[in-house]
Amino acid sequence: MTLRADGCLQSGDSVMLQNCHTNAVLASNPHEKMVSSDAFAVTASTKINGPSARSVFIIQNANENQDQQIRYGQDVRLCTVPELCERELYLNSLPLTPMTFARYSRNQEVSVYHRKAYNTNWRIQPSSGVREDRQGEPVKACDAIILEHVATANYLTNDHIAYQNIFGGETEVSCMAQASKHKTQILLNESIGSQVRENVHKVVPTQNLWKFNLASDASQAEPASVAPKATAADLL
């Protein structure tokens with residue numbers, strides 16, 4: 001993982017992504033191919049106590065013409081590290097269809113995919129304050145953020161939904177905006193004048209909140225511990 005004294009993320013940093021509701025860490029699994037698409041499984045695990053090849057991702061600007069600083073409102077990609085497999089895999093989600101959905105929750109499916117497609121673009125949104133006012137601010141490690149899937153406008157989410165794989169008991173990762181569909185929050189905010197129609201009204205629940213973790217010391221900045229590397233033949 002990357003070690004930065006100021007905690008501000010930059011393109012090319014190696015990070016871990018942790019959910020604020022389950023405290024589980026996002027992890028890819030190149031040994032489990034998705035049934036509905038040419039991609040591979042993504043879960044979250046509370047058993048991962050430090051950087052590993054499965055849990056470390058490289059954050060990249062989706063627009064290569066932008067500067068290195070990662071900012072709110074910016075589109076990014078999350079790429080697996082070279083220690084995991086022989087080719088890069090990108091965090092990906094596909095629109096919900098009768099054939100493509102998360103295995104247990106039936107939400108929008110999340111996976112890792114081997115190409116830089118539009119479905120691998122994610123937008124970092126702030127979890128507090130007026131969203132429009134915070135666009136362009138640097139994103140800091142350990143700040144609660146929302147990862148919005150650019151193609152579908154749904155949010156990356158994790159809950160206590162058991163998912164069994166070769167690594168044991170983990171939890172399902174999917175895409176869904178978990179905010180209540182009732183209008184109570186909207187009416188209350190408008191009545192007290194704290195929000196207007198153009199702003200985001202509803203409180204985003206912790207299932208949709210994540211934080212990027214950087215290395216806390218030099219020992220964590222060393223190369224990720226390596227699980228057996230998946231070869232190109234394994235990914236076919």
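Residues numbered from 1 in each chain as written. Predicted model: local features only at pLDDT ≥ 70, side-chain atom pairs only at ≥ 80, totals over all residues. Heavy atoms only, no water.

### Here we look at the state of the cysteines
This structure, assessed with the given rule, holds zero disulfides. Cysteine 79 takes part in no disulfide bond, and the closest cysteine sulfur, belonging to cysteine 85, lies 8.4 Å away. For cysteine 79, a relative accessible area of 1% corresponds to the buried category. (Disulfide = S-S within 2.5 Å. Buried < 20%, exposed > 50% of the residue type's maximum accessible area, 1.4 Å probe, protein only.)

### Quick notes on the environment of alanine 179
Here alanine 179 lies in the loop between β11 (168–175) and α2 (184–192). Sequence spacing of alanine 179 and glutamine 207 is 28 residues, and the spatial spacing of their C-alpha atoms is 9.4 Å. (Helix = DSSP H or I, 4+ residues; strand = E, 2+ residues; numbered from the N terminus.)

### Quick word on the nonpolar core
Nonpolar side chains in soluble globular proteins generally cluster together in the buried interior. Membership of the largest hydrophobic core comes to 31 residues, with the highest contact counts inside it found for Ile59, Ile124, Leu156 and Phe212. Top element by residues in this core is strand β3 (residues 40–45). It accounts for three residues. Sequence-distant contacts of phenylalanine 212, that is, excluding residues within four places in its chain, are made with Leu9, Val15, Met16, Leu17, Ile59, Leu78, Ile124, Val139, Ala141, Cys142 and Ile145. Grouped together as the second largest cluster of nonpolar side chains are 13 residues, Ala27, Ala53, Ile58 and Ala215 included. (Core = buried A, V, L, I, M, F, W, Y, C linked by side-chain atoms within 4.5 Å. Contact = heavy atoms within 4.5 Å.)

### A look at the side chain of asparagine 107
Along the chain, asparagine 107 falls in the loop between β6 (90–93) and β7 (108–113). Overall, the relative accessible area of 13% leaves asparagine 107 in the buried class. When residues no more than four places from it in sequence are discounted, the contact partners of asparagine 107 are Leu96, Phe101, Ala102, Thr157, Ser174, Cys175 and Met176.

### Digging into the pattern of salt bridges
Here the structure, examined in full by the defined rule, presents eight salt bridges. In this structure, arginine 103 and glutamate 32 form a salt bridge, with 2.8 Å as the shortest nitrogen-oxygen distance. Highlighted residues: arginine 103 in the loop between β6 and β7 and glutamate 32 in strand β2 (residues 25–33), separated in sequence by 71 residues. A salt bridge links aspartate 75 to arginine 123; the shortest N-O distance between them is 2.7 Å. (Salt bridge = Lys/Arg side-chain N within 4 Å of Asp/Glu carboxyl O.)

### A word on unusual backbone geometry
Despite not being glycine, asparagine 23 shows a phi value in the positive range, around 60°. The topology assignment puts asparagine 23 in the loop between β1 (14–19) and β2. Note on asparagine 23: relative accessible area 47%, which makes it partly exposed. Despite not being glycine, alanine 153 has its phi angle at roughly 65°, a positive value. Note on placement: alanine 153 falls in the loop between β9 (145–149) and β10 (156–165).

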